[in-house]
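Structural features, examined
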Amino acid sequence: MRIVLIIPTYNERANIGPLIDELQGIFPSLPHEMQILVVDDNSPDATADVVREHQSRSGNVHLLAGRKQGLGAAYIRGMRYALDTLHADAVFEMDADFSHKPSDVPRLIAALEQGADFVIGSRYVRGGSIPKEWAFYRRLNSRFGNLVARYVAGIYRIHDCTAGFRAIRSAVIRGIDMDGFRVQGYAFQIALLHAAVARGAQVVELPVDFVDRIAGESKLGLKDIVEFLRSAAWIRFQSSKVFIKFCLIGASGVVVNLGIFTALLSLGVNKFVASPIAIQCSIITNFVGNNYWTFRRRNLVGALHARGLRFNVVSIFSLAISYLTFIILSHAFPRVAPQVHQLVGIIPATLVNYFLNSYWTFRDGGRAEAAPYRDPLERTERSLQP
């Protein structure tokens, strides 16, 4: 493989030279064509001059200079250059301040060799660590940012979502629209990871010791933190659009359900007969809406009539839940209007309906065939540790 290590820099003159030298000492032990791409944001301390000096001695060192726009913008610029100009088969993300140990690079590459698509040098799996000398507020900031990424952005199963030490196959990056991230700073890390997971990339986490920088200063500022929180919320909203559409279709089904139920009651139909009839009518309208609107962007598995059959099976199961709730409430609260019992019964049925239909009836064929997520400890202990 041709592997390009992308190292973004801003005022890293004291670190970039020693880092390049240490990486060059490791490369001969790797059976790959290793390249270093320094993406410098016009550092006023002349970081670029140090890189140019190494360029003059080594053909595998490259410099991509540009104006300062943030970490995310630097990585996007660097990844495009690595893919389009250097023709990389895989790229690395790595900090310039020695917080990521160069000696860990071969382990992450070994994970790619074992079949992973996206390898994370993780601080938060067993065996990983953050600096013991960190003050409480720094530990809290690191943990909080990672929790926001996992539970707000929705990348639950990954332990270190904000790590900046990662190896990624080029095929994964080529399939992602990075212009749509709307981020420039550190939020890029969770945006890229979320997009890769959504596309079914096989993610592996390997434990690493994160080391605090010795030279230079951290670039993380308040603006980056605000963008990070905003980006996590935006990712969650984007991920929830299918559920929102499903709920809107479900709401229209509620109108159909209650409307037909009330009409049947006015015609003298027994309420225990009117209830399942109303539910079945709403099932039909919900299927049409979900098939042609909610899940229309998916590569749906099976013919239309097969999806219709699966939808009906799920709906009958949901009907049973709704009807059981209706019966229980009717006997427990006989003085309450039957429309209220009917409405309450719709709530648990809707949740069951969504999950079964999303992962079975309207299953995305492309996503189902993609490589699954692997548990980090299982993958690490079984395959990648010596």
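This next bit is on the nonpolar core. Ranked by size, the top nonpolar core spans 36 residues in total, and within it Ile6, Met79 and Val91 carry the most contacts. Residue assignment for this core shows that the elements contributing at least two residues are strand E1 (2-9), strand E2 (33-40), helix H3 (71-84), strand E5 (118-122), helix H6 (170-174) and helix H7 (188-198). Not counting residues within four places of it along the chain, the set of residues in contact with Val91 comprises Val4, Ile6, Met79, Ala82, Leu83, Arg166, Ala167, Ile168 and Ile173. Judged by nonpolar contacts, the second largest core, of 34 residues, contains Leu5, Ile20, Leu30 and Ala90.

The next subject is the packing of aromatic side chains. Evaluated as defined, the whole model comprises 10 aromatic pairs. Pairing Phe272 with Phe326 gives two aromatic rings, centres 5.9 Å apart and planes at 70°, and the pair type is edge-to-face. Here Phe326 lies in helix H11 (residues 304-332) and Phe272 lies in helix H10 (residues 271-294), a separation of 54 residues in the sequence. Measuring from ring centre to ring centre gives 6.1 Å for Phe287 and Phe362, while their planes differ by 25°; the resulting arrangement is stacked. Within this pair, whereas Phe287 is found in helix H10, its partner Phe362 is found in the loop between helix H12 (338-361) and helix H13 (365-369), the two being separated by 75 residues in sequence. Like Phe287, the residue Phe362 is buried in the burial classification.

Assignment of secondary structure puts Arg123 in the loop between E5 and helix H5 (136-151). Overall, the relative accessible area of 10% leaves Arg123 in the buried class. A polar side-chain atom of Arg123 sits 2.9 Å from a polar atom in the side chain of Thr162.

What the seven strands build is an open sheet, ordered E3-E2-E1-E4-E6-E5-E7; its pairing is mixed. The open sheet has two edge strands with one neighbour each: strand E3 (61-65) and strand E7 (203-207). Neighbour-to-neighbour, the strand axes of the sheet open up by a mean angle of 20°, direction not taken into account. The sheet contact formed by E1 and strand E4 (residues 90-93) spans four bridges and is parallel.

Packing of helix H9 (residues 241-266) against H10 leaves a shortest axis separation of 8 Å and a crossing angle of 150°. Taken as axis vectors, H9 and H10 run roughly antiparallel relative to one another. Where H9 crosses over H10, the handedness of that crossing is right-handed. Residue composition of the contact of H9 with H10, by class: 15 nonpolar, 11 polar and two charged.

Turning our eyes to something else, we now look at the side chain of Gln35. Take Gln35: it is sitting in strand E2. According to the relative accessible area criterion, Gln35 is buried, its value standing at 9%. Setting aside residues no more than four positions away along its own chain, Gln35 makes contact with Arg2, Ile3, Val4, Leu5, Gly59, Asn60 and His62.

The next thing to look at is the confidence of the model for the protein. When the pLDDT values of the protein are averaged, the result is 82; 80% of them are 70 or greater. Ignoring residues within four places in sequence, the model shows residues 366-386, a span with pLDDT below 50, making 43 contacts including any to other chains.

A word on the packing of helix H1 (residues 13-26) against helix H2 (residues 47-57). Put simply, H1 and H2 touch, their axes get as near as 8 Å, and they point 20° apart. The angle between the axes of H1 and H2 places the two elements in the roughly parallel class. In the crossing of H1 with H2, the sense of the turn from one axis to the other is right-handed. Only Thr47, Asp49, Val50, Val51, His54 and Arg57 of H2 make contact with H1, whose side of the interface consists of Arg13, Ile16, Gly17, Ile20 and Asp21. When grouped by side-chain class, the residues that make up the contact of H1 with H2 number four nonpolar, three polar and four charged.

Rules used throughout
- Residues numbered from 1 in each chain as written.
- Predicted model: local features only at pLDDT ≥ 70, side-chain atom pairs only at ≥ 80, totals over all residues.
- Heavy atoms only, no water.
- Core = buried A, V, L, I, M, F, W, Y, C linked by side-chain atoms within 4.5 Å.
- Buried < 20%, exposed > 50% of the residue type's maximum accessible area, 1.4 Å probe, protein only.
- Helix = DSSP H or I, 4+ residues; strand = E, 2+ residues; numbered from the N terminus.
- Contact = heavy atoms within 4.5 Å.
- Phe/Tyr/Trp six-rings, centres within 6.5 Å; stacked < 30°, edge-to-face > 60°.
- Polar contact = N/O pair within 3.5 Å; in protein donor to acceptor, adjacent residues only side chain to side chain.
- Pairing = 2+ DSSP bridges.
- Axes fitted to C-alpha atoms, helices over the stretch in contact; angles between N-to-C directions.
- Parallel < 35°, antiparallel > 145°, perpendicular 65-115°, else oblique.
- Left-handed = near helix turned anticlockwise from the far one by under 90°.
- Nonpolar A, V, L, I, M, F, W, Y, C, P; charged D, E, K, R; others polar.
- pLDDT = per-residue confidence, 0-100.

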